[in-house]
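Summary of the model geometry
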Amino acid sequence: MKAAFYSFDIKQGAVFDEVICVNDESGNPIDTTGYAGTAKILNIDYQPLADFTVSFPALGQIRLQLTAEQVRSLPLGRQLFNLRVGTPAIASIYFIEGDLNVRWGEPA
C-alpha cells in the first residue's frame, strides 16, 4: 500500500474539484480501470464532516469533488481528509491523506 499527503486551500462556498495523479515507480500513469474509492473529510477530532465524490476520469487520475453546499457546510480552518482506493480484489491499494484549509471569502 502506498501513501501520499496533499494540502488544498478552498474558499467557503466554492466548488471543490481536484485531480490527483498517481504513477508507478517508472512515472507511468497507473491503470485505474475498475478501481473504486472513498474519501472523507474529518475535523481535527476525526469526526466525519462530509464525503467527497470520487471518480477516475483517465488513467492515473483520481478526481475528488465537493459541491458548493458541501463546502459551505464545512467549518473554517484546517480539516483533514483521507482517501482509500482499491479494486474488488485488493481492498486498499492507495491511501492518500491530507488537509483542506477552508477559508472565508467569496468563491472565485
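What this report covers is the structure whose coordinates are included nearby. Owing to the predicted nature of the structure, the values given are computational and were not obtained by experimental measurement.

Quick notes on the overall build of the protein chain
Across its full length, the protein chain holds 1 helix and 8 strands. When the helices and strands of the protein chain are placed in sequence order, the string is β-β-β-β-β-β-α-β-β. A globule of 108 residues ought to have a C-alpha radius of gyration of about 13 Å, and the protein chain, at 14 Å, matches this closely. Along the longest, intermediate and shortest principal axes, the C-alpha atoms of the protein chain span 40 × 30 × 20 Å. By residue count, 38% of the 108 residues in the protein chain fall in the buried class. In the protein chain, the share of contacts with a sequence separation of at least 24, taken over all contacts with a separation of at least 6, comes to 62%. Just so you have it, the protein chain exposes about 6,300 Å², and 52% of that area is on carbon and sulfur atoms. Considering the protein chain, the positive charge centre built from 8 side chains and the negative charge centre built from 12 side chains are found 3 Å apart.

A few points about unusual backbone geometry
Its identity is not glycine, yet tyrosine 46 carries a phi of approximately 65°, on the positive side. On the secondary structure map, tyrosine 46 appears in the loop between strand 3 (36-42) and strand 4 (48-51). The exposure class of tyrosine 46 is exposed, given its relative accessible area of 57%.

Notes on the pattern of salt bridges
Any two side chains of opposite charge can pair, on the condition that their charged atoms come close. Tallying each qualifying case throughout the model produces 3 salt bridges. Between lysine 40 and aspartate 51 there is a salt bridge; the shortest N-O distance is 2.9 Å. Separated by 11 residues along the polypeptide, lysine 40 in strand 3 and aspartate 51 in strand 4 bring together distant segments of the chain. Overall, lysine 40 belongs to the partly exposed group, its relative accessible area being 36%. The class of aspartate 51 is partly exposed, set by a relative accessible area of 40%. Measuring nitrogen to oxygen at the nearest pair gives 3.1 Å for the salt bridge that ties arginine 78 to aspartate 99. One end of the pair, arginine 78, is in strand 7 (residues 77-86); the other, aspartate 99, is in strand 8 (residues 94-103), and 21 residues separate them in sequence. Look at aspartate 99 and you get buried, because its relative accessible area is 13%.

Some details on the packing of aromatic side chains
In total, this model carries 6 aromatic pairs according to the counting rule given. For the ring pair tyrosine 6 and phenylalanine 8, a centre distance of 6.1 Å and an interplane angle of 5° mean the geometry is stacked. Overall, tyrosine 6 belongs to the partly exposed group, its relative accessible area being 26%. Taking the relative accessible area as the measure of exposure, phenylalanine 8 reaches 12% and is therefore buried. Ring geometry for phenylalanine 52 against phenylalanine 81: centres 5.7 Å apart, planes inclined by 75°, an arrangement best described as edge-to-face.

Parameters at a glance
- Residues numbered from 1 in each chain as written.
- Predicted model: local features only at pLDDT ≥ 70, side-chain atom pairs only at ≥ 80, totals over all residues.
- Heavy atoms only, no water.
- Helix = DSSP H or I, 4+ residues; strand = E, 2+ residues; numbered from the N terminus.
- Rg over C-alpha atoms; globule rule 2.2 N^0.38 Å.
- Buried < 20%, exposed > 50% of the residue type's maximum accessible area, 1.4 Å probe, protein only.
- Contact = heavy atoms within 4.5 Å.
- Areas by Shrake-Rupley, 256 points an atom, 1.4 Å probe, with all protein chains shown as cover.
- Lys, Arg positive; Asp, Glu negative; His and termini not counted.
- Charge placed at Lys NZ, Arg CZ, Asp CG, Glu CD.
- Salt bridge = Lys/Arg side-chain N within 4 Å of Asp/Glu carboxyl O.
- Phe/Tyr/Trp six-rings, centres within 6.5 Å; stacked < 30°, edge-to-face > 60°.

It is worth stressing that arrangement in space is one thing and function is another; only the former is reported here.
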